[in-house]
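# Residue-level structure breakdown
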Amino acid sequence: MIGALGSPRFPAALRRVLALCFSFDSLVVTRYDGGAPPQALFHDLDDVQAAITVAFYATGPYLLDPFYKACRTGQESGAYRLRDLAPDAFFRSEYYRNFYRKIRIGDEIGVLIPDGADRWLVLSLARRLRRPVFAPEDIAALGAAFPLIRAAVLQQWGAEGTVEAVEAEAIDDRLAGFGVDVLSPREAEVVQLILRGHSTPTAADVLGISPGTVKVHRRHAYAKLDVASQSELFSMATRFLMTQEA
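Residues numbered from 1 in each chain as written. Predicted model: local features only at pLDDT ≥ 70, side-chain atom pairs only at ≥ 80, totals over all residues. Heavy atoms only, no water.

### Details of the packing of aromatic side chains
Within a pair of aromatic rings, the relevant descriptors are the distance that separates the centres and the angle that separates the planes. This model, assessed by the stated rule, comprises seven aromatic pairs. For the pair Tyr 32 and Tyr 68, a centre-to-centre distance of 5.1 Å together with 50° between the ring planes defines the contact as tilted. Taken together, the residues Tyr 32 in strand S1 (residues 26-33) and Tyr 68 in helix H3 (residues 66-72) connect sequence positions 36 residues apart. Comparing Tyr 32 with Tyr 68, the two get one shared label, buried. Grouped by ring-pair contacts, the aromatic residues Tyr 32, Tyr 57, Tyr 62 and Tyr 68 constitute a single cluster. (Phe/Tyr/Trp six-rings, centres within 6.5 Å; stacked < 30°, edge-to-face > 60°. Helix = DSSP H or I, 4+ residues; strand = E, 2+ residues; numbered from the N terminus. Buried < 20%, exposed > 50% of the residue type's maximum accessible area, 1.4 Å probe, protein only.)

### Thoughts on unusual backbone geometry
The general pattern is negative phi for most residues beyond glycine and trans for most peptide bonds. Positive phi outside glycine occurs at Arg 104, with the angle close to 55°. For Arg 104, the position within the fold is in the loop between helix H5 (94-98) and strand S4 (105-114). Under the relative-accessibility criterion, Arg 104 is labelled partly exposed at 46%. One non-glycine residue, Asp 226, lies in positive phi territory at about 60°.

### Observations concerning the side chain of Asp 138
Within the secondary structure layout, Asp 138 lies in helix H6 (residues 136-157). The exposure class of Asp 138 is buried, given its relative accessible area of 13%. Not counting the four nearest positions on each side in its chain, Asp 138 is found in contact with Phe 22, Ile 109 and Arg 127. (Contact = heavy atoms within 4.5 Å.)

### Observations concerning the nonpolar core
If you look at the biggest cluster of nonpolar residues, it comprises 52 residues, and the most contacted ones within it are Leu 14, Leu 18, Leu 123, Leu 142, Phe 178 and Leu 233. Among the elements that take part in this core, H6 stands out by supplying ten residues, more than any other. Contact partners of Phe 178, with chain neighbours within four places excluded, come to Val 191, Gln 192, Leu 195, Leu 225, Leu 233, Met 236, Ala 237 and Phe 240. Of all hydrophobic cores here, the second largest spans 20 residues; its members include Ala 86, Phe 90, Tyr 95 and Tyr 100. (Core = buried A, V, L, I, M, F, W, Y, C linked by side-chain atoms within 4.5 Å.)

### As for the layout of surface pockets
Approximately 710 Å³ is the volume found for the largest pocket. Lining the largest pocket we find 29 residues, and of these Met 1, Val 17, Leu 20, Leu 195 and Phe 234 sit closest to its centre. The biggest single contributor to the lining of the largest pocket is helix H12 (residues 230-245), with nine residues. Among the residues making up the lining of the largest pocket, the classes are represented as 17 nonpolar, seven polar and five charged. Taken together, 32 residues form the lining of the second largest pocket, with Val 28, Leu 45, Thr 53, Ile 103 and Ile 105 sitting closest to its centre. Sorting elements by how many residues they give to the lining of the second largest pocket places helix H2 (residues 47-58) first, with seven residues. (1 Å grid on protein atoms, 1.4 Å probe; cavity = no way out; pocket = protein on both sides within 12 Å on 5 of 7 lines; lining within 4 Å. Points joined across faces, edges and corners; volume = space filled by probe spheres on them. Nonpolar A, V, L, I, M, F, W, Y, C, P; charged D, E, K, R; others polar.)

### Description of the pairing of S1
Most of S1 sits out of view: six of its eight residues are buried. Pairing geometry for S1 and strand S5 (residues 119-128), over eight bridges, is antiparallel. In the strand pairing of S5, Thr 30 is matched with Val 122. Taken together, the four bridges between S1 and strand S2 (residues 39-43) define a ladder with antiparallel strand orientation. Opposite Val 29, over in S2, you have Phe 42 as the bridge partner. Remark: five residues form the turn of the hairpin made by S1 and S2, two consecutive strands paired antiparallel; Gly 34 in that turn has positive phi of roughly 60°. (Pairing = 2+ DSSP bridges.)

### Quick word on the environment of Pro 132
Structurally, Pro 132 is set in the loop between S5 and H6. The exposure class assigned to Pro 132 is exposed, which follows from its relative accessible area of 54%.

Structural data, given as structure tokens:
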């Protein structure tokens, strides 16, 4: 995801990172700028779904959206389940009757990211009807990755000059310190390339060594870091970035 910043590959990389937290069926990234209609920055919906979930939504239903209302009323940034923000009578509300039930979503998590005084970026992660609803554990998993996700999203789509976007530019520099206290220089290089999305062959090309040598360095690095898989490596790197941000 970090390696894809500033490129068209970023949304797909962001989706893969979010999927490490829990499974979901769709992702929509929306920008709200003051009282203006929302702007969809990314979605993975088909044409029929997009016509309702994106185009029709922007004509007025967004005004009743609990996530939009939360942004307008100064809700703290973070990840929230719809059920945590919606009123008790949500399933009898005008928003539900006239919009929500038409898009056939069973449950939704919104990631609220302020982008200046009167702007927000919202990531909507949804599950279809008849899928299990999101659990508190899902929010906790996303919350652990939230600082990294927020910084990357602001770097990709945020307004220029915001404090968060400036801070996001330092992600690569902070990540460069990951594992250097226990890894050899070559092992650290291999780990950095893995974290930036390189496969064994492409890492070998970058370093000018054989794929077999890359595998040896990776195995030694995993042993020293006490991780057994790439997902565990990503989780450890995320925790490292969080401590660096703090």
